[in-house]
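Spelled out, the chains give:
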Amino acid sequence: MRNFYKSVAAMVLVTILTVLYVPGADDYVELTFQQYLGRAAR
């Protein structure tokens with residue numbers, strides 16, 4: 001279980017760094033989260 005939390009933290013960190021330094025990545029991340037939350041809301 002501890003490895004799961006470490007991997008989730010690592011993926012969040014990678015996502016944050018990607019959004020900060022890669023142009024256009026923020027739109028992709030936002031679209032992905034909107035699709036995921038849209039499915040979860042149904």
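Read on for an overview of the structure.

Rules used throughout
Every chain's residues receive numbers from 1 upward, in the order its sequence appears when written. Given that the model is predicted, a residue must reach a pLDDT of at least 70 before its local features are reported, and side-chain atom pairs must reach 80 or more before they are shown or counted; all residues, however, enter totals for whole chains, interfaces and linings. The basis for every side-chain value is the complete set of non-hydrogen atoms in the structure, without hydrogens or water. A helix here means a DSSP run of H or I that spans at least four residues, while a strand means a run of E at least two residues long, and both kinds are numbered starting from the N terminus. Buried, partly exposed and exposed residues are distinguished by accessible area as a fraction of the type maximum, computed with a 1.4 Å probe on protein chains only: under 20%, between the cut-offs, and over 50%, respectively. Only the protein chains shown count as cover for residues, and the accessible areas themselves come from Shrake-Rupley with a 1.4 Å probe. Between rings of Phe, Tyr and Trp, where Trp is taken as its six-membered ring, a pair exists when centres lie within 6.5 Å; planes separated by under 30 degrees are stacked, by over 60 edge-to-face, and by other angles tilted.

Counting its secondary structure elements, the chain contains 2 helices and 0 strands. Referenced to the eigenvectors of the C-alpha coordinate spread, the extents of the chain come out at roughly 35 × 30 × 5 Å. Counting across all 42 residues of the chain, residues that qualify as buried make up 5%. Element-wise, carbon and sulfur atoms account for 66% of the exposed surface of the chain, whose accessible area totals about 4,100 Å².

Tallied over the full model, the rule gives 1 aromatic pair. Judged by centre distance (5.6 Å) and plane angle (65 degrees), the ring pair of phenylalanine 4 and tyrosine 5 falls under edge-to-face. Residue classification places phenylalanine 4 among the partly exposed positions, given a relative accessible area of 48%.

One can find threonine 15 in helix α1 (residues 2-21). The class of threonine 15 is partly exposed, set by a relative accessible area of 29%. On a C-alpha basis, the gap between threonine 15 and aspartate 26 in space is 9.2 Å, while along the polypeptide they are 11 residues apart.

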